[in-house]
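One-letter residues, chain by chain:
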Amino acid sequence: MGRAFEYRKATKMKRWGHMARTFTKLGKQIAIAVKAGGPEPENNPTLRAIIATCKRENMPKDNIERAIKNAMGKDQSEYKEVPYEGYGPHGIAIFVDSLTDNTTRTVADVRSVFNKFNGNLGTQGSLSFLFDHKCVFTFKTKEPIEMDELILDLIDYGVDDEYDNDEETGEITIYGDPKSFGEIQKHLEEAGYEITSAEFTRIPNDLKDVTPEQRETIDKMVEKLEEFDDVQNVYTNMKPAEE
């Protein structure tokens, strides 16, 4: 198991905590996918991947269909993917991924939290050296497969040589180059695998130790950032707590 999976499991990769906020954020992802590739999942691979994630998050079918329909409306706002980067208290790097139709509002919201916690919001790209950007696919196979052969095959599609095979759920999770998202998805689908989740993530490559008190402060800051509907995910390079 590689660094990415160790970090993912150690932190439990906390998803959006509040169900209503989760559905709002997923709805924005659906809107972008529909605008880019149309409302038919069979003709829109990105939309198919997002719907798989929606189902994994127990988003009702009616909500998914409503989000697709709303995205087709003439007055539907255009969302943009905008990252925000900076340092929080105790020198912890914080990376915020957002989807927004109003960057003025979003940057003001994000900056207010950085200011409240005596942090410093930096310029775009300032922390790119601290986080590896990856796409993540979780899928199931119809029958047992030889993992070494699978990974060797997937490497040609930009997939890393590390993976996680969950014997309890029968799910396999792989990481890859974000630019290869479409190629990886196409290959998995053509191979007959059931994709249960497809998303992007950021893995810190330089974890920092913190005290319990410092961890509590950083956790509160992350929670405040995640309360904004425009914020999709928040990542830090804080070393995960030991269980």
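Enquirer: A description of the pattern of salt bridges should follow, citing residues and the corresponding values.
Expert: Tallied over the full model, the rule gives nine salt bridges. For Lys134, the salt bridge goes to Asp160, with nearest N and O atoms at 2.9 Å. Of the two residues, Lys134 is situated in strand S4 (residues 131-140) and Asp160 in strand S5 (residues 159-166); the sequence distance between them amounts to 26 residues. Using a relative accessible area of 18% as the deciding quantity, one classes Asp160 as buried. With a closest N to O distance of 3.6 Å, Asp209 and Lys239 form a salt bridge. Of this pair, Asp209 sits in the loop between strand S7 (194-204) and helix H8 (212-226) while Lys239 sits in the segment after strand S8 (231-236), and the two are 30 residues apart along the sequence. For Asp209, a relative accessible area of 61% translates into the label exposed. Classification of Lys239 by relative accessible area gives partly exposed; the value is 35%.

Enquirer: Which residues make up helix H7 (residues 181-190), and what are the values?
Expert: Since the α-helix turns once every 3.6 residues, residues separated by three or four places project in the same direction. Of the positions making up H7, those classed as buried are Phe181, Ile184, Gln185, His187 and Leu188. Within H7, the buried residues cover an arc of 165° as seen down the axis, which keeps them to one side. Turned more than 90 degrees away from the buried face of H7 sit Lys186 and Glu190, all of them exposed. Where H7 is buried, its residues contact helix H3 (45-56), S4, helix H6 (147-155), S5, strand S6 (171-176) and S7. Directly after H7, the chain includes Gly192, whose backbone phi takes a positive value near 85°.

Enquirer: Tell me about the packing of H3 against H7, and name the residues and values.
Expert: Across the interface, H3 lies against H7 with an axial gap of 10 Å and an inter-helix angle of 75°. The pairing of H3 with H7 is recorded here as roughly perpendicular in orientation. Contacts between H3 and H7 involve Pro45, Thr46, Arg48 and Ala49 from the first element and Phe181, Gln185 and Glu189 from the second. Its residues assigned to classes, the contact of H3 with H7 shows three nonpolar, two polar and two charged.

Enquirer: Explain the nonpolar core to me, and be specific about the residues and the numbers.
Expert: Ranked by internal contacts, the top residues of the largest apolar core, which has 18 residues, are Ile94, Val96, Val110, Phe114, Met221, Leu225 and Val234. If you list the elements that add at least two residues to this core, you get strand S1 (80-87), strand S2 (93-100), helix H5 (103-116), H8 and S8. Looking at this core element by element, the count peaks at four residues for H8. In this structure, Ile151, Leu154, Ile184 and Ile195 belong to the second largest nonpolar core, which totals 17 residues.

Enquirer: Lay out unusual backbone geometry with the relevant residues and their values.
Expert: Of note in the backbone geometry, Asn58 takes a positive phi value of approximately 60° without being a glycine. Tracing the backbone through its elements, the reader meets Asn58 in the loop between H3 and helix H4 (61-71). Taking the relative accessible area as the measure of exposure, Asn58 reaches 60% and is therefore exposed. Phi is positive for Asn118, close to 60°, though the residue is something other than glycine.

Enquirer: How would you explain the pairing of S2 if you had to name every residue and give the values?
Expert: Burial of S2 is extensive: eight of the eight residues sit out of reach of the surface. Both S1 and S2 contribute to a ladder of eight bridges, which runs antiparallel. Bridging from a neighbouring strand, Glu81 pairs with Leu99 of S2. Hairpin connection between S1 and S2: a loop of five residues separates the two successive antiparallel strands, and His90 in this loop has a positive phi of roughly 65°. Note: S2 against S8, five bridges, orientation antiparallel. When the bridges of S8 are listed, Asp97 appears paired with Asn233.

Quick notes on the rules
Residues numbered from 1 in each chain as written. Predicted model: local features only at pLDDT ≥ 70, side-chain atom pairs only at ≥ 80, totals over all residues. Heavy atoms only, no water. Salt bridge = Lys/Arg side-chain N within 4 Å of Asp/Glu carboxyl O. Helix = DSSP H or I, 4+ residues; strand = E, 2+ residues; numbered from the N terminus. Buried < 20%, exposed > 50% of the residue type's maximum accessible area, 1.4 Å probe, protein only. Arc of directions from axis to C-beta. Contact = heavy atoms within 4.5 Å. Axes fitted to C-alpha atoms, helices over the stretch in contact; angles between N-to-C directions. Parallel < 35°, antiparallel > 145°, perpendicular 65-115°, else oblique. Nonpolar A, V, L, I, M, F, W, Y, C, P; charged D, E, K, R; others polar. Core = buried A, V, L, I, M, F, W, Y, C linked by side-chain atoms within 4.5 Å. Pairing = 2+ DSSP bridges.

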